[in-house]
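# Descriptive structure summary
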Amino acid sequence: MKAPAFAYARPRTLDEAFALLEKHGADARILAGGQSLVPMLNLRLAAPSILIDITSLEGLSGISVSGERLTIGALTTHREIERSADVARHCPLLTQAAPHIAHVAIRNSGTLGGSIALADPAAEWPACCLALDASFTLASRQGTRKVKARDFFKGLYATALGPAELVTNVEFPLLPKHRSVFLELSRRRGDYAIVGVAAVARVDAGKVHDLRLAYLGGGDVPKLALHAMKAAEGCAPVETLAAELARDLSPLADLENKPDTKLHLANVLTRRALAALAA
Ligand SMILES: Cc1cc2nc3c(=O)[nH]c(=O)nc-3n(C[C@H](O)[C@H](O)[C@H](O)COP(=O)(O)OP(=O)(O)OC[C@H]3O[C@@H](n4cnc5c(N)ncnc54)[C@H](O)[C@@H]3O)c2cc1C
């Protein structure tokens, strides 16, 4: 199918982008890497009257480390994150997760900001942001605000992003004493995950502390498993893990998998992740 007709604008400055967003409101869609939006247009799942292409805006891409945080601009591509030495050193969870996102051709264009704004519950970056307690900078003509990942994802493809706001960057606190593990199951390499887990913890004598478990494919939003995290804190192994995960996750059925199957797979992945963290 072909996309419906739309107007196209390529602002040169953030102020121009804000003005366009305010003028067109809900009729406008931001275009970043286009790896989700263009298929949605072609399938007629979206029909904006205007696309606002933000790829020429300066200052929205790149990776930097300063003080106690690593900052990644919204227009930074999945592939740039995957290949960054700074990311590998300071946020290895992202390096572990990146190869699971689609295929290289898609990772060359798709952006961190686009993935966060889209908020697909089966996407890798939103779950990693939850596990790492990341904050998103949202900007509009009224100024900027920071929103924690745990407060950003509101429902299926729904976020705290206002209609005239852009994601400009993502900040990750540095966790030098933590280990991380990312695991997911998909039918084929490059497919969206059936279910996956991003796990971060300090490890002492084979026991995990300060554990964060975030799931993709675990419900209508990326989810932190608060009950399972509490049950596994300072323990090895965790007898009640399956029961606690069932309290935390509510996976949606897909064409091949029932919610119970996904819950079982989440339990298996979590046990593997905890074992890998403690190894
Ligand atoms: C075949 C295929 C397989 C894929 N598999 C995976 C996968 O396994 N895992 C995965 O995570 N993703 C997958 N994707 C999606 C891909 O990762 C996209 O790159 C990503 O979801 C969106 O990033 P984008 O830059 O392409 O955004 P776009 O497609 O340009 O935009 C996506 C949405 O976000 C909005 N948006 C974009 N940037 C901003 C911003 N800075 N501020 C506010 N709103 C913004 C747009 O308006 C739009 O609504 C796949 C895509 C394809 C085509």
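### Let's talk about the domain arrangement of the protein chain
- Taken domain by domain, the protein chain consists of domain 1 (7-53), domain 2 (63-173) and domain 3 (181-278).
- Taking the mean C-alpha position of each, domain 1 and domain 2 sit 19 Å from one another.
- With five residues, the single largest contributor to the side of domain 1 that touches domain 2 is helix α1 (residues 14-24).

### Some details on the sheet that holds strand β13 (residues 207-216)
- Strands sit in the order β11-β12-β13-β14 across an open sheet of four strands; the sheet is antiparallel. If you trace the sheet from one side to the other, it starts and ends with β11 (179-185) and β14 (223-224), each paired once.
- Of the strands in this sheet, β11, β12 (195-204) and β13 touch helix α12 (residues 259-278), which is tilted by about 30 degrees from β12.

### Points about helix α8 (residues 124-131)
- Within α8, eight of the eight residues are buried, leaving the element largely enclosed by the surrounding structure.
- Those residues of α8 that sit buried are E124, W125, P126, A127, C128, C129, L130 and A131.
- Phi turns positive one or two residues past the end of α8, at D133, with a value near 55 degrees.

### Here we look at the site of the ligand
- Near the ligand lie 27 residues; those nearest to it are G33, G110, G113, G114 and A123.
- At the level of secondary structure, the elements contributing two or more residues to the shell around the ligand comprise β2 (28-31), α2 (37-42), α7 (112-118) and β10 (166-173).
- Here the element with the most residues in the shell around the ligand is α7; it accounts for five residues.
- Considering only residue class, the shell around the ligand consists of 16 nonpolar, nine polar and two charged.
- No fewer than three residues from each of domain 1 (7-53) and domain 2 (63-173) sit in the shell around the ligand.

### Here we look at the nonpolar core
- I54, L93, C128, A131, A198 and A199 are the most contacted members of the largest nonpolar core, which totals 84 residues.
- With seven residues, α12 is the single largest residue contributor to this core.
- Setting aside anything within four residues of it in sequence, one finds A131 in contact with L93, A198, A199, V200, R212 and A214.

### Overview of the pairing of strand β7 (residues 143-148)
- With respect to burial, β7 is a largely exposed element, only zero of its six residues being buried.
- Pairing of strand β6 (residues 135-140) with β7 involves six bridges; the strand directions are antiparallel. Following the sheet pairing, A139 is matched in β7 by T144.
- In textbook terms, the turn of a hairpin is the stretch between consecutive antiparallel strands, and for β6 and β7 this stretch comprises two residues.

### Regarding the packing of helix α11 (residues 241-248) against α12
- Running from N to C, α11 and α12 cross one another at 125 degrees; their axes reach a closest spacing of 10 Å. Accordingly, the angle class assigned to the pair α11 and α12 is oblique. By crossing handedness, the relation of α11 to α12 is classed as right-handed. Taking contact as the criterion, the partners of L241, A242, L245 and A246 in α11 are, on α12, L263, A266, N267, T270 and R271.

### Section: the environment of Y215
- Checked against the element boundaries, Y215 lands in strand β13.
- We classify Y215 as buried; it has 32 C-beta atoms within 10 Å.
- Sequence-wise, Y215 and V197 are 18 residues apart; in three dimensions their C-alpha atoms are separated by 4.6 Å.
- The residues contacting Y215, other than those within four sequence positions of it, are A127, V195, G196, V197, P222, K223, A225, L249 and A266.

### A few points about the environment of T55
- Here T55 is to be found in the loop between β3 (50-53) and β4 (63-66).
- Residues T55 and R10 lie 45 residues apart in sequence; the distance between their C-alpha atoms is 7.9 Å.
- Not counting the four nearest positions on each side in its chain, T55 is found in contact with A32 and L75.

About the criteria used
- Residues numbered from 1 in each chain as written.
- Predicted model: local features only at pLDDT ≥ 70, side-chain atom pairs only at ≥ 80, totals over all residues.
- Domains from an automatic or database assignment.
- Helix = DSSP H or I, 4+ residues; strand = E, 2+ residues; numbered from the N terminus.
- Pairing = 2+ DSSP bridges.
- Contact = placed C-beta atoms within 7 Å.
- Axes fitted to C-alpha atoms, helices over the stretch in contact; angles between N-to-C directions.
- Buried ≥ 20, exposed ≤ 12 C-beta atoms within 10 Å, placed from the backbone.
- Near = placed C-beta within 6 Å.
- Nonpolar A, V, L, I, M, F, W, Y, C, P; charged D, E, K, R; others polar.
- Core = buried A, V, L, I, M, F, W, Y, C linked by C-beta atoms within 7 Å.
- Parallel < 35°, antiparallel > 145°, perpendicular 65-115°, else oblique.
- Left-handed = near helix turned anticlockwise from the far one by under 90°.

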